[in-house]
Amino acid sequence: MPKCLKFLLLLAFGASGVAMAAQKEHATLVRPATLYVLPGGNSQKLVNVERGRDLIILEKSNVDNQPWLKVYATLIEIESQREITGWLPAKGVIGTSMPDGDQIIYGEAVDSERQAEERGGRRGAARDAMRLYYRMSEFFPNSPLAGEALWRAADIRWQLEKQDIMRRPSSRTLDPDARNPMDDRLMKEVSKKFPHSKWSDLAAYDLLDNKLCGDWQGLPKCPEKESEVYEKYAHEHPQSPKAAEALYNAAWRQAALVDIYRTNQENDKSNKARSKAINLAQELVTRYPEGDWKPRASVLIYKLEQNVVVFGNQDE
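Fair warning: this is a prediction, and the values are worked out from it, not measured in the lab.

## Points about the overall build of the protein
Next, step 1: Helices and strands together make up the secondary structure of the protein, namely 11 helices and 7 strands.
Next, step 2: Of all 316 residues assigned to the protein, the portion counted as buried reaches 49%.
Next, step 3: Partitioning the contacts of the protein with sequence separation of at least 6, the portion at a separation of at least 24 is 63%.
Next, step 4: Just so you have it, the protein exposes about 16,500 Å², and 47% of that area is on carbon and sulfur atoms.

The following block contains the structure:
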């Protein structure tokens, strides 16, 4: 794992571990703030603190008719950890005792996530959202939003690491075991804390990425394996929001095998793959009639029945 991601889990979710944590109220920020040596904007500045950082409230004060909080914060960066105490304005600080605190933190996480998706959005917004979602689930484990918040934190982190891995030359290997797998600890935390839920189903789907190849290089080994992986998921998680997509992915890979085997003049294997692909696509059509996956499966069936090339030179 590269340095930029080696400490990503700590960057988002690290806690101080000091004894005071058990006695003091935890809080986080829904807007960036500056930590000062003393309460008041004229004091010496210490450091800027981003959204979603874990704070421990030590003391409260009022300066110039404005509430201030003395906090203990652990700021974990790429290769360093800094534990620091200072004062910051109370405005924007959401503590575990605040009514509707879960709604407020979650709402800011959603806003940050949307910023990350917009062209020209706020720099670092994805990591802000990741921290905020995790903090909300940590602070308010009984909230009806806790499961989704933990899942979203895990998924954002997963996608960031996935993007980094796909840029590496090693991602093009046929053997997924030869690549450094993505860190699955947070995904497994979702499954552990919210078993047999929509969120554990989604986490299980993301975890399939660690079983996939990179570049197939036109060989059958990878689509054979990946089709099995997706089919198994669909049958083990039939209620998952990703079940239909998994079936489609399994069917499409079998359809790709039709063309790969045909190119290799392995006609028997090509015909078996066609039959398997049609069966999987028809299963999708029957079991999941809503949404876009049914028509996508229908066109796949049509192409297979008409011997239209699915993988490779589609001008044939």
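The structure having been displayed, the exposition proceeds.
## Observations concerning the pattern of salt bridges
Next, step 1: Under the criterion given, the structure shown has 19 salt bridges.
Next, step 2: The residue D128 makes a salt bridge to R51 at a minimum N-O spacing of 3.7 Å. A residue pair is termed long-range when its members are at least 10 positions apart, and D128 in helix α4 (residues 125-139) and R51 in the loop between β3 (45-49) and β4 (55-63) qualify at 77 residues.
Next, step 3: Between R152 and E113 there is a salt bridge; the shortest N-O distance is 3.3 Å. In this pair, R152 sits in helix α5 (residues 146-166) while E113 sits in helix α3 (residues 101-117), placing the two residues 39 residues apart along the sequence.
Next, step 4: Through salt bridges with shared partners, a single ionic network connects R51, E108, R122, D128 and R131.

## Observations regarding the state of the cysteines
Next, step 1: All chains considered together, the criterion is met by 1 disulfide.
Next, step 2: Disulfide pairing places C213 opposite C222 at an S-S distance of 2.1 Å. Because the torsion about its S-S bond is -95°, the bridge between C213 and C222 counts as left-handed.
Next, step 3: The class of C213 is buried, set by a relative accessible area of 14%.

## Some words on α3
Next, step 1: The first and last C-alpha atoms of α3 sit 25 Å apart over 17 residues, in line with the 24 Å expected at 1.5 Å per residue.
Next, step 2: Here α3 has its buried residues at G101, D102, I105, Y106, E108, A109, V110, S112 and E113.
Next, step 3: Lining the buried residues of α3 we find β1 (26-29), β7 (93-95), α4 and α5.

## A word on the packing of α5 against helix α6 (residues 185-193)
Next, step 1: At their nearest, the axes of α5 and α6 sit 9 Å apart, and the two run at 160° to each other. The angle between α5 and α6 falls in the class roughly antiparallel. Classified by chirality, the crossing of α6 by α5 is left-handed. From α5, L150, W151, A153, A154, D155, R157 and W158 reach across to α6, where they touch L186, M187, E189, V190 and K193.

## Re the packing of aromatic side chains
Next, step 1: Summed over the entire model, instances satisfying the criterion amount to 8 aromatic pairs.
Next, step 2: Note on Y106 and Y133: the rings are 5.5 Å apart at their centroids and 65° apart in plane angle, and the pair reads as edge-to-face. Taken together, the residues Y106 in helix α3 and Y133 in helix α4 connect sequence positions 27 residues apart. You'll find Y106 and Y133 in the same group, each marked buried.
Next, step 3: Where Y205 meets Y233, the ring centres are 5.2 Å apart and the plane angle is 70°; that geometry is what we call edge-to-face. Linking Y205 in helix α7 (residues 198-207) with Y233 in helix α8 (residues 221-236), this pair joins segments that are 28 residues apart in sequence.
Next, step 4: Counting every residue linked through ring pairs, the aromatic cluster contains Y205, Y230 and Y233.
Next, step 5: Above the plane of the ring of Y248 lies R296, whose end atom (NZ or CZ) is 4.6 Å from the centre.

## Quick word on a nonpolar patch on the surface
Next, step 1: On the surface, V299, Y302 and V308 cluster together to form a nonpolar patch covering roughly 260 Å² of accessible area.
Next, step 2: With respect to the helices and strands, V299 occurs in helix α11 (residues 293-305).
Next, step 3: On the accessibility criterion, V299 (40% relative accessible area) is partly exposed.

## Things to note about the environment of A244
Next, step 1: Locating A244 in the fold gives a position in helix α9 (residues 243-263).
Next, step 2: For the pair A244 and V285, spaced 41 residues apart in the sequence, the C-alpha separation amounts to 8.8 Å.
Next, step 3: The residues contacting A244, other than those within four sequence positions of it, are L284, Y288 and W293.

Calculation rules
- Residues numbered from 1 in each chain as written.
- Predicted model: local features only at pLDDT ≥ 70, side-chain atom pairs only at ≥ 80, totals over all residues.
- Heavy atoms only, no water.
- Helix = DSSP H or I, 4+ residues; strand = E, 2+ residues; numbered from the N terminus.
- Buried < 20%, exposed > 50% of the residue type's maximum accessible area, 1.4 Å probe, protein only.
- Contact = heavy atoms within 4.5 Å.
- Areas by Shrake-Rupley, 256 points an atom, 1.4 Å probe, with all protein chains shown as cover.
- Salt bridge = Lys/Arg side-chain N within 4 Å of Asp/Glu carboxyl O.
- Disulfide = S-S within 2.5 Å.
- Expected span 1.5 Å × (residues − 1).
- Axes fitted to C-alpha atoms, helices over the stretch in contact; angles between N-to-C directions.
- Parallel < 35°, antiparallel > 145°, perpendicular 65-115°, else oblique.
- Left-handed = near helix turned anticlockwise from the far one by under 90°.
- Phe/Tyr/Trp six-rings, centres within 6.5 Å; stacked < 30°, edge-to-face > 60°.
- Lys NZ or Arg CZ within 6 Å of the ring centre and 35° of its normal.
- Patch = residues over 30% accessible without salt bridge, like charges linked within 9 Å, V, L, I, M, F, W, Y side chains within 5 Å.

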